[in-house]
Amino acid sequence: MSSPSKRREMDLMKLMMSDYKVEMINDGMQEFYVEFHGPKDSPYQGGVWRIRVELPDAYPYKSPSIGFVNKIYHPNVDEMSGSVCLDVINQTWSPMFDLVNVFEVFLPQLLLYPNPSDPLNGEAAALMMRDRNGYDQRVKEYCEKYAKPEDAGAAPEEKSSDEELSEDEYASSDEEVAGKADP
């Protein structure tokens, strides 16, 4: 086993043993979701996001790819795709950092100190520079609308399974479907 894959396993295990809820996407250890809570004393406090993490083959020498699955209002996060401005992580990334640093340092810092001069969401950047109180209010609205704990659950495309049918839906009789038999 090569050194980067051992490091990937170690970092992932460390993240799973911390207070973060981690959900693997497939059998490999390169893609997974992490539940992330907004930092205290910020307009993001109380928000819960599902973060998609992809580890490149060259991890830890190359930074992970990070994206918000549920919507967030932030100058450095693309509102449609949820991707985080790569410069934020790439500029400061070093193999000395691990996945726990991403969730305990990088993402909280990103939310606490947005950089409106390098935006992926131009509207959020403009509002933040023009009207900080209005920006904070919009952030809180997005948190209430898109970042409740249940919003950080399974992605919509993963929710459609037979197991989630209620007993009433599951117990429909054939007579209801076919109608009454002819006498």
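About the thresholds
Residues numbered from 1 in each chain as written. Predicted model: local features only at pLDDT ≥ 70, side-chain atom pairs only at ≥ 80, totals over all residues. Heavy atoms only, no water. UniProt positions renumbered as here; feature names shortened; annotations may be inferred. Buried < 20%, exposed > 50% of the residue type's maximum accessible area, 1.4 Å probe, protein only. Helix = DSSP H or I, 4+ residues; strand = E, 2+ residues; numbered from the N terminus. Pairing = 2+ DSSP bridges.

Under an unreviewed UniProt entry, the name given to the protein is E2 ubiquitin-conjugating enzyme, and the organism recorded is Abeliophyllum distichum. Database annotation for the protein, UniProt heading Function (unreviewed entry): "Accepts the ubiquitin from the E1 complex and catalyzes its covalent attachment to other proteins." UniProt, in its Sequence similarities (unreviewed entry) section for the protein, records the words "Belongs to the ubiquitin-conjugating enzyme family."

K.L.:
An account of the pairing of strand β3 (residues 48–54) is requested, with residue identities and associated values reported.
P.N.:
Among the seven residues in β3, five count as buried, and that is most of the element. Bridge analysis of strand β2 (residues 31–37) against β3 gives seven bridges, and the strand direction is antiparallel. Bridge assignment links Tyr33 to a residue of β3, and that residue is Arg52. One ladder, built from four bridges, connects β3 with strand β4 (residues 65–68); its direction is antiparallel. By the bridge assignment for β4, Val53 is matched with Ile66.

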